[in-house]
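Residue-level structure breakdown
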Amino acid sequence: MPIEADQSSGIDLKTKITLPKADRPALNLLQDVLIQCSKTEPCTWQIRDGVLEVSSKSRLATETMMVVKTIPIDDLLTEIPDYDDPPNLNPGGGQGGGGQSGGIAEFQSRQQRLDELINLLTRTIEPEAWERRGGSWASIQVYQQTLVVRAPRWIQRQIDGFSYRIPTPEGRTARTLRSTGGQIRVEVPLSERMRKQYDQ
């Protein structure tokens, strides 16, 4: 992302970036860049209009960076019955015992489940950003059966990921990206690994 020399926020233009090993997934390289850039101010990344932007979190959380998304929550708030006294099935074919005095464990109210969901989101995803937790970069409200989240793209992507599919290279099967210990690992399907070993 272009940064003017007289701007007070964003990544320092004089920051030296060292990448000793470049033959890794691009997201791992980006993570290394962010670690080095964040020594003076926390940095992150986002994708806007198909362009990868890397800068400080405060720079990417300005008013013009805000987007509003809605998250359907009806399914998330549906509580599955938890029977606390299941019947004792008799393998001999007789009548099963038990279960006569039991019932369904007490449900939480919808409002309690909603409060827990919002607390989970705001506690685990950029806790310092939310207005509910004293921040100023993100807000979350309830409207009918949805959560309305107003936040910069780099926070939105942590909630529901990307809004597009990553294209699969021609002649290759789809890969899976898995995050382990802060690093991204590209997992090749088993069928492709076996075919490669057979060809060798």
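Notes on the structure in this doc start here. (Residues numbered from 1 in each chain as written. Predicted model: local features only at pLDDT ≥ 70, side-chain atom pairs only at ≥ 80, totals over all residues. Heavy atoms only, no water.)

**Remarks on the sheet that holds strand β4 (residues 139–143)**
Selection rule: Two strands pair if DSSP finds at least two bridges between them. Secondary structure counts use DSSP, requiring at least four H or I residues in a row for a helix and at least two E residues in a row for a strand, with both numbered from the N terminus. Note on definitions: angles span 0 to 180 degrees between N-to-C directions of axes, and those axes are lines fitted to C-alpha atoms, for helices only across the stretch in contact.
Across the sheet, which stays open at both edges, the three strands sit in the order β3-β5-β4 with antiparallel pairing between neighbours. The open sheet has two edge strands with one neighbour each: β3 (66–72) and β4. Strand-to-strand twist of the sheet, defined as the mean angle between neighbouring strand axes without regard to direction, takes the value 20 degrees. With seven bridges joining them, β3 and strand β5 (residues 146–152) adopt antiparallel strand pairing. The residue bridging T70 from the neighbouring strand is V148, located in β5.

**So, the packing of aromatic side chains**
Quick note on the threshold: Any two rings among Phe, Tyr and Trp, with Trp reduced to its six-membered ring, count as a pair given centres within 6.5 Å; such a pair is stacked if its planes are under 30 degrees apart, edge-to-face if over 60, and tilted if neither. With a 1.4 Å probe rolled over the protein chains alone, any residue whose accessible area is under 20% of its type maximum counts as buried; one over 50% counts as exposed, and the rest are partly exposed. We call a charge positioned above a ring when the Lys NZ or Arg CZ atom is no farther than 6 Å from the ring centre and deviates by at most 35 degrees from the ring normal.
Tallying each qualifying case throughout the model produces one aromatic pair. Relative to W154, the ring of W137 lies with its centre 5.8 Å away and its plane at 75 degrees, an arrangement referred to as edge-to-face. Here W137, found in the loop between α3 (110–124) and β4, pairs with W154, found in helix α4 (residues 153–160); they are 17 residues apart in sequence, far enough to count as distant. Classification of W137 by relative accessible area gives partly exposed; the value is 23%. Here the guanidinium or amino end of R157 rests over the ring plane of W45, the centre of that ring lying 3.9 Å away.

**A look at α3**
Worth spelling out the cut-off: For a helix, the expected span equals 1.5 Å multiplied by the number of residues minus one. Summarising the geometry, the arc corresponds to the directions from the helix axis toward the C-beta atoms. Contact definition: two residues touch when any of their heavy atoms are within 4.5 Å.
Counted at 1.5 Å a residue, the expected span for α3 with its 15 residues is 21 Å, and the 21 Å between its end C-alpha atoms agrees. Taken as a whole, α3 has its buried residues at R113, L114, L117, I118, L121 and T122. For α3, the buried positions fall inside an angular range of 160 degrees around the axis, keeping them on one side. Against the buried residues of α3 lie α2 (74–77), β4 and β5.

**With respect to the nonpolar core**
For clarity, the cut-off: Here, the term nonpolar core denotes a set of buried Ala, Val, Leu, Ile, Met, Phe, Trp, Tyr and Cys residues that are joined through side-chain atoms within 4.5 Å.
The biggest cluster of nonpolar side chains holds 20 residues, and the ones touching the most others in it are I73, L114, W130, I140, L147, V149 and I155. Looking at this core, the element that brings in the most residues is α3, giving four residues. Sequence-distant contacts of I155, that is, excluding residues within four places in its chain, are made with I125, E126, A129, W130 and A138. In this structure, L30, C37, C43 and W45 belong to the second largest nonpolar core, which totals eight residues.

**A look at the pairing of strand β2 (residues 51–56)**
The sheet contact formed by strand β1 (residues 43–48) and β2 spans six bridges and is antiparallel. Counterpart to W45 in the pairing with β2 is V54. Count of turn residues in the β1/β2 antiparallel hairpin: two residues, of which D49 carries a positive phi of about 55 degrees.

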